[in-house]
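Coordinate inspection notes
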Amino acid sequence: LKKQLDESGNVEIDIKDLEEKLTAKHSLLLELSKKISNSRKKIIPILKSDLESLLANLGMKNSSFNFVINKSSSFNKFGFDDIEVMFSANKGITHAPLFKIASGGELSRILLSVKYVLSKHSKLPTIIFDEIDTGVSGEISNAMANMMLKMSNEMQIIAITHLPQVAAKGNYQLNVYKSNFLNTTTTKVKLLNSEERIDQIAKMLAGDLITKSALTHAKELLN
C-alpha cells in the first residue's frame, strides 16, 4: 500500500516530465518540417520546369503544373505541408487537380516523366513499369521508349508492355503466356532469341496473322 501511495504521489511529477518531453518532440518536429518545407519550395520551380520540358517532348507542349502548398493543421508524412498538384494540358485551360483532369494517356506520360526525374536522384537498382505506356501509341510511344532507354543507362528497367516500340528497345525480351493442362492454367515466361523477338514484335504490330510487312517493320524496330 505504501508503494502504491508513493507512486500516486509522483503522478504530477511524471505528467510534468511527459509534457516536457512532448514539448521537446513538438519543437523538433516543427524544426524538421520547416527544413523540409523550405527545401520543397526551392526545388518545386526546378521540378516544374523539368516535367514541362519532358512532357513537351512527349507531345504535350502546352502542359503546365502548379504545386499548391498549404500549411496543415497538424503534422503529416509531408511535414506540416498539404500538397496539391494542379495541372493543365492546354493553353487557356484552368489548372485543376491532376488526377481529376488528366486523361489515361496524359497520366501515363506524366508518371513516366516523374519517374524519369526521380531516377536521377533515387539511385534505385531496378524500376518496374507495369504498362506505364497505356493510352499512347505511334510517335509518343517511341518517345516514351527512348526515355526508358536513357534511364536504363543508370539502372535496370523492366517494362511490361503491349507496345512494339517499347518492347523493341529492350536488350532482352521475355514473352509471358498462359498454358492450360488438365483444367489448370499456368503462367509461363520465356526468354526470346533474336528470331522469336522478330515474330513477337510482328504479332504486336499485326496480330496473330503475321504479314511480310509486319516482319519487315519488326526487324526495323529491332535495328
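Residues numbered from 1 in each chain as written. Predicted model: local features only at pLDDT ≥ 70, side-chain atom pairs only at ≥ 80, totals over all residues. Heavy atoms only, no water.

1. A closer look at the pattern of salt bridges
Defined as follows: A pair is scored as a salt bridge if a Lys or Arg side-chain nitrogen falls within 4 Å of a carboxyl oxygen belonging to Asp or Glu. Counting from the N terminus, the helices are DSSP H or I runs at least four residues long and the strands are E runs at least two residues long. Only protein chains enter the accessibility calculation, which uses a 1.4 Å probe. A residue is then buried if its area is under 20% of the maximum for its type, exposed if over 50%, and partly exposed in between.
Counted under the stated rule, the structure contains 4 salt bridges. Between E31 and K35 there is a salt bridge whose closest N-O contact spans 3.8 Å. Of this pair, E31 and K35 both sit in helix α2 (residues 11-57), 4 residues apart, which is roughly one turn of that helix. Its relative accessible area of 42% is what places E31 among the partly exposed residues. The shortest N-O distance in the salt bridge between D81 and R40 comes to 2.7 Å. Here D81 is found in strand β2 (residues 79-88), whereas its partner R40 is found in helix α2, with 41 residues between them in sequence. D81 gets classed as buried once you look at its relative accessible area, which sits at 3%. Take R40: its relative accessible area is 17%, and that puts it in the buried class.

2. A word on the packing of aromatic side chains
Quick reminder of the rule: Pairing of aromatic rings covers Phe, Tyr and the six-membered ring of Trp, with a centre-to-centre limit of 6.5 Å; geometry is then stacked below 30 degrees between planes, edge-to-face above 60, and tilted otherwise. Criterion for a charge above a ring: Arg CZ or Lys NZ at most 6 Å from the ring centre, at most 35 degrees from the ring normal.
Counted under the stated rule, the structure contains 2 aromatic pairs. Relative to F87, the ring of F65 has its centre 5.1 Å away and its plane inclined at 50°; by these criteria the two rings are tilted. You can see F65 sitting in strand β1 (residues 64-76) and its partner F87 sitting in strand β2, a full 22 residues away along the chain. Of the residues examined, F87 reaches a relative accessible area of 1% and is grouped as buried. Members of the aromatic cluster, each reached through a chain of ring pairs, are F65, F67 and F87. Lying across the ring of F80, K71 places its NZ or CZ 4.8 Å from the centre.

3. Section: a negative patch on the surface
We count it as follows: Surface patches are drawn from residues lacking salt bridges whose relative accessible area is over 30%; two like charges belong together within 9 Å, two nonpolar side chains (Val, Leu, Ile, Met, Phe, Trp, Tyr) within 5 Å. Every accessible area reported is derived by Shrake-Rupley at a probe size of 1.4 Å, with residue values counting cover from the shown protein chains alone. Charge counting follows a simple rule: Lys and Arg are positive, Asp and Glu are negative, and His as well as the terminal groups are ignored. Taken as the charge centre is NZ of Lys, CZ of Arg, CG of Asp or CD of Glu, depending on the residue.
There is a patch of like negative charges on the surface, built from D14, D17, E19 and E20. Here D14 lies in helix α2. Given a relative accessible area of 41%, D14 falls into the partly exposed group.

4. Here's the deal with the side chain of S141
Rules: Only heavy atoms enter the contact rule, under which two residues are in contact if any of them lie within 4.5 Å.
Here S141 lies in helix α5 (residues 138-151). Leave out the neighbours within four places in its chain, and S141 touches V136, L163, Q165 and V166.

5. Digging into unusual backbone geometry
For E131, which is not a glycine, the phi torsion comes out positive at approximately 55°. Checked against the element boundaries, E131 lands in the loop between β4 (126-130) and α5. Unlike most non-glycine residues, N183 shows phi in positive territory, near 60°. Structurally, the position occupied by N183 is in the loop between β6 (174-181) and β7 (184-191).

6. Digging into the nonpolar core
Put simply, the rule is: Here, nonpolar core means buried Ala, Val, Leu, Ile, Met, Phe, Trp, Tyr and Cys residues that are tied together by side-chain atoms lying within 4.5 Å of each other.
One finds F87, L112 and F129 to be the most contacted residues of the largest nonpolar core, which totals 32 residues. If you list the elements that add at least two residues to this core, you get α2, β1, α4 (104-122), β4 and α5. By residue number, the principal contributor to this core is α5, which donates 7 residues. With 7 residues, the next largest nonpolar core counts I198, A202, A214 and A218 among its residues.

These results come straight from atomic positions and should not be treated as a statement about function.
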